[in-house]
Amino acid sequence: MPILNLSAETDIYYELIEGDPAKPCLVFLHEGLGCCAMWKDFPAQLCQATGCRGLLYDRHGYGQSSPLAARRQLHYLHDYALCELPQVLAALLPGQDHFLVGHSDGGSIALIYAAQQPPRLRGIITEAAHVFVEGITLDGIREADAAFGAGKLRALAKYHGDKTETIFKAWSDTWLSYGFQFWNIEYLLPSVECPALVVQGSEDQYGSAAQVETIVAQALNAMPAMVEQCGHTPHQEQPQALLALMEGFLQGRMDAAIHPRTA
């Protein structure tokens, strides 16, 4: 089992997908209750379509990585974006160009990371990312919390094992806390200069189109993509439509680097 040791307390499980070493690597960042396995075969399909290599990893607390050792803080997404992600990239993709593909929490992490303008970052794709807290988001989390309490989300244990309750409550308790209702990363968006594809399902139960509109209006090089008849997880609900969107974006960015425009 491929494990990256980040510290005495933190082991990170990761997976690599083969591809053209001359092309940027696609780094997949899972959702707030996700892990490598929950992406299913979507990363492999996108890598095959683009010819790129891929990297997936379970963030600290998730899947096959080490369990959380302390209570989650309000700025946990910043911690994952500015501490853990750079360490993972430095260890597994040193000096290599990359794109980030982030779903939900992973999309927000991608935006926070991109705002630092890392020199090897070629672009990001966000899928159902949040940049502020909406009532629809909290309503969706309350429903999920009630379902978990009623034992209706037992399938999560397949992915997180004995960490399931800890990571679920870390997610739901943080988002439903009084302080988190004021969480907002719009201030970072004008610093997101790399190309960005901002994707969301038209029927997302955890966020409105205002999330996409805000990112596109304030980031410097972002384009929107609403996926019709789709909820919070486009890569599972409308995989072919999403593959086409992402492949087109990625190929366009890679082609632009190979054949830059001349004045």
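Residues numbered from 1 in each chain as written. Predicted model: local features only at pLDDT ≥ 70, side-chain atom pairs only at ≥ 80, totals over all residues. Heavy atoms only, no water.

**Quick notes on the UniProt feature "domain: AB hydrolase-1" (unreviewed entry) in the chain**
This is how the line gets drawn: UniProt positions are given in the numbering used here, feature names are shortened, and annotations may be inferred rather than shown by experiment. Secondary structure follows DSSP: runs of H or I at least 4 residues long count as helices, runs of E at least 2 residues long count as strands, and numbering of each begins at the N terminus.
As annotated in UniProt, the feature "domain: AB hydrolase-1" (unreviewed entry) corresponds to residues 26-244 in the numbering used here. Taken end to end, residues 26-244 is 40% helix and 15% strand, and its first and last C-alpha atoms sit 15 Å apart.

**A closer look at helix α6 (residues 164-176)**
What counts is decided by this rule: Helices are assigned an expected span. That span is 1.5 Å times one less than the residue count. Under the scheme applied here, a residue whose accessible area is under 20% of the maximum for its type counts as buried, over 50% as exposed, and between as partly exposed, the area being computed with a 1.4 Å probe on protein chains only. By the convention used here, residues are in contact when the closest approach between their heavy atoms is within 4.5 Å.
In this model, α6 (13 residues) spans 18 Å end to end at C-alpha, consistent with the 18 Å of a helix rising 1.5 Å per residue. Along α6, the residues classified as buried are T164, I167, F168, A170, W171, S172, T174 and W175. Elements in contact with the buried residues of α6: α2 (76-92), α3 (105-114), α4 (135-149) and α5 (157-160).

**Some details on the environment of M226**
Note on placement: M226 falls in strand β8 (residues 222-227). You can call M226 partly exposed: its relative accessible area is 35%. A sequence separation of 84 residues divides M226 from R142, and the C-alpha atoms of the two residues are 25 Å apart. Sequence-distant contacts of M226, that is, excluding residues within four places in its chain, are made with Q200, G201, S202, A209 and V212.

**Some details on the state of the cysteines**
The cut-off we apply is this: Any two cysteine sulfur atoms within 2.5 Å of one another count as a disulfide.
All told, the structure shown has 0 disulfides when counted by the stated rule. Looking at C35, it has no disulfide partner, and the nearest cysteine sulfur is the one in C36, 6.6 Å off. The cysteine C194 is free of any disulfide, with C52 supplying the nearest cysteine sulfur at 15 Å. Overall, C194 belongs to the buried group, its relative accessible area being 12%.

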